[in-house]
Amino acid sequence: MFTSAEIGIDLGTANILIYAKNKGVVLNEPSVVAIDINTKEVLAVGHEAKQMIGKTPRNVVPIRPLKEGVIADYDITAQMLKEMLKKVSKTLGSSMRKPSVVICTPSGSTTVERRAIHNAVKSYGAKVVHLIEEPVAAAIGADLPVSEPVSNVILDIGGGTSEVAIISFGGVVSCRSIRNGGDKMDEEIIHFVRKHYNVLIGEKTAESIKMEIGYALIDHEEETMEVRGRDLVTGLPKTITITSTEIQSAIRETLENVLETVRATLEDCPPELSGDIVDNGVVITGGGSLLKGMQEWLSNEIFVPVHLAPNPLESVAIGTGRSLKMIQKLQKVSK
């Protein structure tokens, strides 16, 4: 049915991943574009643009055109996709002409948001564009038997959204999505440092803090980290030392929102599938699943086993790629 020009795209708030048939993940770059606001020209995308955040002259602005899992700036997203697909076409050569594309969308996205994603990819020259729900793609990428009549529970904690879905027979039985994720945790860390230390730090610093000393809500041996920022009183650079327990309290609200979403989804589960959940547990994926102690904390709170996907950062991209073979069986896509 499909030609060699088949690609799957995980259009994430934090990162864009592109999966090519028989090649695996061929591109994994931040969803950032640097543009010249005077000429509207795209100067850099991906890693190059991310390195510019907070370090550019006034006329150059690094932009993240995706907010909370959906397109916030359509034109810039289309340009970013175009640039990313150009990079991929250099790797794949002529087989990238008029590709068939599967792209994932958050399960809570509106028809208008889905249409914007569809059109952004179509504008590159894609022959066919299929949309697949993100939790289904994540479950396929996490090697779950989604087409079987057993309950598969997936929790995908991304940059902009966190989604929980119960999947059986290739379809979503119950699903919840909240516009909270890794980005929200970063915002909370920035706010905490500003409020308690009168120091302003950037997004990159907040992300580093989260990755190094961020913990889910579990008991742990306290860790410390030196952080540099700008003193809001003197305006001068300042170094402070923060602890992992402080960061834990800073991100508590986001983590509790994620837990509440998991509980609400499990409450909607049909009784016949509840037994499978007790046996098989919940699989977590996405960048947020790598927060220290996340598995242990969730397992203690919901009383079922919690497993980490084999490749949490790439699960959705791998799932979109694999779903190329399963499109008709899944019946979860729309042109």
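Each chain carries its own residue numbering, running from 1 in the written order of its sequence. Local features in this predicted model are restricted to residues whose pLDDT is 70 or higher, and side-chain atom pairs enter the listing and the counts only when it is 80 or higher, whereas totals over whole chains, interfaces and linings include all residues. To obtain the side-chain values, all non-hydrogen atoms of the structure were used and water was disregarded.

Student: Please explain helix 2 (residues 74–92) as it appears in this structure.
Tutor: Helix and strand definitions follow DSSP, with helices as H or I runs of at least four residues and strands as E runs of at least two, each counted in order from the N terminus. What a helix is expected to span follows from its residue count: subtract one and scale by 1.5 Å. Taking 1.5 Å of rise per residue, the 19 residues of helix 2 would be expected to cover 27 Å, and the 26 Å separating its terminal C-alpha atoms lies within 8% of that figure. Buried means the residue's accessible area, taken with a 1.4 Å probe over protein chains only, is under 20% of the maximum for its type, while exposed means over 50%, and partly exposed covers the values in between. Here helix 2 has its buried residues at Ile76, Thr77, Ala78, Met80, Leu81, Met84, Leu85, Val88, Ser89 and Leu92. Each polar contact in these results corresponds to two N or O atoms within 3.5 Å; when the atoms are within protein, one needs to be able to donate a hydrogen and the other to accept it, and residues that are neighboring in sequence are counted only if both atoms are side-chain atoms. For helix 2, the N-terminal capping position is held by aspartate 73, with its side-chain oxygen 3.4 Å away from the main-chain nitrogen of aspartate 75.

Student: Got a minute to help me understand the packing of helix 5 (residues 182–197) against helix 6 (residues 203–213) in this structure?
Tutor: In a packed pair of helices, the relevant descriptors are the angle between the two axes and the axis-to-axis distance. Axis definition: a line fitted to C-alpha atoms, limited for helices to the stretch in contact. Angles are taken between N-to-C directions and run from 0 to 180 degrees. With their axes 9 Å apart at the nearest point, helix 5 and helix 6 run at an angle of 105° to one another. Considered as vectors, helix 5 and helix 6 are oriented roughly perpendicular to each other. Counted together, Gly182, Met185, Asp186, Ile189 and Ile190 of helix 5 and Glu203, Ala206, Glu207, Ile209 and Lys210 of helix 6 form the full contact between these two elements. Lys, Arg, Asp and Glu make up the charged group, whereas Ala, Val, Leu, Ile, Met, Phe, Trp, Tyr, Cys and Pro make up the nonpolar group; the residues left over, Gly among them, are polar. The residue makeup of the contact of helix 5 with helix 6, split by class, is five nonpolar, one polar and four charged. Oblique is the label for every angle not falling under 35 degrees (roughly parallel), over 145 degrees (roughly antiparallel), or within 65 to 115 degrees (roughly perpendicular). In what follows, residue pairs with any heavy atoms lying within 4.5 Å of each other are defined as contacts.

Student: Would you explain the domain arrangement of the protein chain in this entry?
Tutor: Interface size, as often reported, equals the accessible area lost upon joining of the parts. Here the protein chain is partitioned into domain 1 (6–136 + 316–334), domain 2 (148–180 + 257–309) and domain 3 (182–252). Measuring from the centre of the C-alpha atoms in domain 1 to the corresponding centre in domain 3 gives 30 Å. At the junction of the two partners, domain 1 supplies five residues and domain 3 supplies four residues. Once two parts are brought into contact, the accessible area they lose, counted with a 1.4 Å probe and summed over both, makes up the buried area. Together, the buried faces of domain 1 and domain 3 total about 410 Å²; carbon and sulfur atoms form 38% of this surface. A per-residue breakdown of the area domain 1 buries against domain 3 is headed by Lys50, Ile53 and Arg64, which together make up 75% of the total. Throughout this description, the term salt bridge denotes a Lys or Arg side-chain nitrogen within 4 Å of a carboxyl oxygen of Asp or Glu. On the surface where domain 1 and domain 3 come into contact, there are three salt bridges. Among the salt bridges present, the one from arginine 64 reaches glutamate 203, with a minimum N-O distance of 3.6 Å. There are two residue pairs in polar contact (both at pLDDT 80 or more) connecting domain 1 and domain 3. When the residues that make up the side of domain 1 that touches domain 3 are grouped by side-chain class, the tally is no nonpolar, two polar and three charged. Boundaries of every domain are those given by an automatic assignment or by a domain database.

Student: Sorry, what's going on with the sheet that holds strand 12 (residues 162–168) here?
Tutor: In a beta sheet, neighbouring strands pair by backbone hydrogen bonds and run either parallel or antiparallel. Pairing is mixed in the open sheet, where five strands are placed in the order 13-12-11-17-18. Looking at which strands have only one partner, the edges of the open sheet turn out to be strand 13 (171–178) and strand 18 (306–308). Pairs of neighbouring strands in the sheet enclose a mean axial angle of 20°, with direction left out of account. Being paired, for any two strands, means DSSP has found at least two bridges between them. In this structure, strand 11 (residues 152–157) lies alongside strand 12, joined through six bridges in antiparallel fashion. Bridged to asparagine 152 within strand 12 is isoleucine 167.

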